[in-house]
Amino acid sequence: HEGAQAFLQLQHSRTLLTPALSEMAGMMGAMGGMGDGMKEAAKKAVEDEIAAKAPGSIKPFFPCLGGPVPTVETCMCMVPADQQDSVKQAIEKYKSL
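What you are looking at is a predicted structure, and each value in this text was computed from that prediction instead of being measured.

(A) Highlighting the confidence of the model for the chain. In this model, the chain carries an average pLDDT of 80, and 65% of its residues clear a pLDDT of 70 or more. Within the model, the stretch residues 14-18 combines pLDDT values under 50 with zero contacts to residues more than four positions away or in other chains.

What follows is the structure, encoded as structure tokens:
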């Protein structure tokens, strides 16, 4: 009888905890989604920075080569020498995101 009562108490406590745990899991998932949104915003900011520093002669190739980052990386010789270091750093930052 004691074993059955303990089992029922355990089941009751699980019933009470399950909604709270699933709610917490949902909140954690939402917070993880915010991190992804922030990461995408950071990637977009770096893409915009690289696109702004890209020479006008290679901008038409953005759609062909996958966007500003791969285009500028492929055509790095077209970037003015005084900007190459900052562009390379921005590309590495983009890749690390």
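After presenting the structure, the write-up continues.
(B) Structural view of the packing of aromatic side chains. Considering all chains together, one arrives at zero aromatic pairs under this definition. The cationic tip of Lys43 hangs over the ring face of Tyr94; the distance from NZ or CZ to the ring centre is 5.1 Å.

(C) Local environment of the nonpolar core. Counting 15 residues, the largest nonpolar core has Ile50, Val72, Met76, Val87 and Ile91 as its most contacted members. Those elements that provide at least two residues to this core are α1 (2-53), α3 (68-74) and α4 (81-96). Per-element tally for this core: the top contributor is α4, with four residues. Leave out the neighbours within four places in its chain, and Ile91 touches Ile50, Val69, Val72, Glu73 and Met76.

Rules used throughout
- Residues numbered from 1 in each chain as written.
- Predicted model: local features only at pLDDT ≥ 70, side-chain atom pairs only at ≥ 80, totals over all residues.
- Heavy atoms only, no water.
- pLDDT = per-residue confidence, 0-100.
- Contact = heavy atoms within 4.5 Å.
- Phe/Tyr/Trp six-rings, centres within 6.5 Å; stacked < 30°, edge-to-face > 60°.
- Lys NZ or Arg CZ within 6 Å of the ring centre and 35° of its normal.
- Core = buried A, V, L, I, M, F, W, Y, C linked by side-chain atoms within 4.5 Å.
- Buried < 20%, exposed > 50% of the residue type's maximum accessible area, 1.4 Å probe, protein only.
- Helix = DSSP H or I, 4+ residues; strand = E, 2+ residues; numbered from the N terminus.

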